[in-house]
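Structural overview
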Amino acid sequence: MLDVGFVGWRGMVGSVLLERMQAEGDFTGLAPSFYSTSSPGGPGPADLGFDSGRLGDAFDVGALARHDVIVTCQGGDYTHEVHPRLRAAGWNGYWIDAASALRMEPGTVLVLDPVNADVIAGGLARGRRDFCGANCTVSILLMAFAGLFRAGLVEWVTSMTYQAASGAGAAHMRELAAQMAAIGDAAREPLGDPASSALAVDRSVRAALADDGFPRSRFGAPLAASLLPWIDRPIGGGRSREELKGFEEGNKILGNEVPVPVDGLCVRVGSMRCHAHAVTVKLREDRPLDEIESLIGGAHEWVRVVENTPEATLAELTPAAVSGRLDVAVGRIRKLAMGGEFLTAFSVGDQLLWGAAEPLRRMLGILRSHLGEEHPARAEAA
Ligand code: NAP
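Residues numbered from 1 in each chain as written. Predicted model: local features only at pLDDT ≥ 70, side-chain atom pairs only at ≥ 80, totals over all residues. Heavy atoms only, no water.

1. Quick notes on the site of the ligand
Our working definition: We call a residue near a molecule or strand whenever a single non-hydrogen atom of that residue lies within 4 Å of it. Nitrogen and oxygen atoms within 3.5 Å of one another constitute a polar contact, given that in protein one can donate a hydrogen and the other can accept it, and given that sequence-neighbouring residues count only through two side-chain atoms. Under the convention used here, a 1.4 Å probe and the Shrake-Rupley method define accessible areas, while residue burial counts only the protein chains that appear. Only protein atoms enter the calculation, which uses a 1 Å grid: trapped sets of points that fit a 1.4 Å probe without letting it out are cavities, open sets showing protein on both sides within 12 Å along at least five of seven lines are pockets, and any residue with an atom within 4 Å of a point is a lining residue. In this scheme, a molecule is assigned to a cavity or pocket if more than half of its atoms are within 2 Å of the grid points. Basically, the charged four are Asp, Glu, Lys and Arg, the nonpolar ten are Ala, Val, Leu, Ile, Met, Phe, Trp, Tyr, Cys and Pro, and anything else, Gly included, counts as polar.
Near the ligand lie 24 residues; those nearest to it are Arg-10, Val-13, Thr-37, Ser-38 and Gln-351. For the ligand, an oxygen atom lies 2.5 Å from a polar atom in the side chain of Gln-351. When isolated, the ligand has an accessible area of 870 Å², and the protein chains bury 76% of it. The site holding the ligand turns out to be the largest pocket. Taken together, the residues that form the shell around the ligand break down as nine nonpolar, 13 polar and two charged.

2. Remarks on helix α12 (residues 353–371)
Heads up, the condition is: Here a helix means four or more residues in a row that DSSP labels H or I, a strand means two or more in a row labelled E, and each is numbered from the N terminus. How far a helix is expected to stretch is found by multiplying one less than its residue total by 1.5 Å. What the bend at a residue measures is the angle between two axes, fitted to the seven residues ending there and to the seven starting there. Relative accessibility under 20% of the residue-type maximum defines a buried residue, over 50% an exposed one, and the middle range a partly exposed one, all with a 1.4 Å probe and only protein chains included.
Taking 1.5 Å of rise per residue, 19 residues should cover 27 Å, and α12 covers 25 Å from first to last C-alpha, within 8% of that figure. Bending of α12 peaks at approximately 30 degrees at the position of Pro-359. Among the 19 residues that make up α12, 14 are buried, leaving the element largely enclosed by the rest of the structure. Of the residues one or two after α12, Gly-372 is the one with positive phi, at around 75 degrees.

3. A look at the pattern of salt bridges
The following threshold applies: Definition used for salt bridges: Asp or Glu carboxyl oxygen within 4 Å of a side-chain nitrogen of Lys or Arg.
Applying the stated criterion across every chain, the model contains 23 salt bridges. With a shortest N-O distance of 2.9 Å, Arg-20 and Glu-24 are connected by a salt bridge. Arg-20 sits in the buried class, given a relative accessible area of 12%. Judged by relative accessible area, Glu-24 falls into the partly exposed class, the value being 42%. Ionic contacts of the salt-bridge type, sharing partners, join the residues Arg-20, Glu-24, Asp-26, Glu-358 and Arg-361 into one network.

So, in structure tokens, the structure goes:
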């Protein structure tokens, strides 16, 4: 039975991971242990249908090293601190990680199996031990347009993103909801008066956004009734680190020897858990739209092409419609006025699923098949 330690299970990604594992019956035949950085000794996750025991100390390298696999959704600081200590202690198990800390290390495999099952299989065959989920925005982009990349049709792509609060974590999602509540409270009086003007409502909303007490400690600014066109830290050249990931991680996921240019602006919007992209793709050659739609829709079973009509778009291509769904929706597919090689499209995906938890959950499944239940890969810690 594969022995798996889970760290970061109560965060945004971790809690969706447990939810999905439970829904898919993944805990059957697994020996799970749960850890915490903040409350070791406390109760483990409830409602899993089995006794999850007491929480171990997520910094106890000796305890962690007893597992065949460690799945962590704790964050980059934790990975930076614990992963090198574990490896230095001789632990040779499998590390499956949501954080960005190890993603661009040469020995790390980025996991998104509907898109790069071959890259994952190659990594396992070469004895790789570190498997990381990629950036949520990049994963959703590739889930949406895998068919075009696979067909070798993409000369370059710009992706202008519309990223959800959940991408920043549990506390940020709470802050977005708190901002919405504060705005609702502020606008209640003029909204309650049918004779009040829209300008009166707007004045109340603007006053709430400008108020010192408006909840903004996480995002640093109002996101509700606004948007934030900067995500993550600057890396020079006017670019944010989030914007570099499309190029770096996207090409690494695809295993491209010759990288495809991917760039664009990353923008946080007031959506709860779906990331969206408005893309411009420069095709290597002009191809008819129906062929392009078949390539996109036929790439794997979790992509769904939405008809380019107002009715279908509003019904099926919004964060509200896609939230909680495993399929990534791609619509508004059309050629741009610049010419037949210039394609535009809009994609929406639940970033807590394919952008975060699902690739990790499936990697654990791939590992189980690879190892076979009878052959745990438990490492001998020194
Ligand atoms: P998160 O929600 O902030 O949770 C991370 C940890 O914070 C938890 O495991 C928990 O650790 C602690 N925590 C403190 N207060 C909490 C609260 N009120 N509720 C829940 N947990 C709380 O972070 P995350 O968004 O899951 O991200 C984890 C890692 O995955 C990061 O490296 C992130 O970059 C990466 N990632 C995130 C996403 C995403 O969509 N959010 C997507 C891809 C990758 P203890 O239980 O030990 O206290």
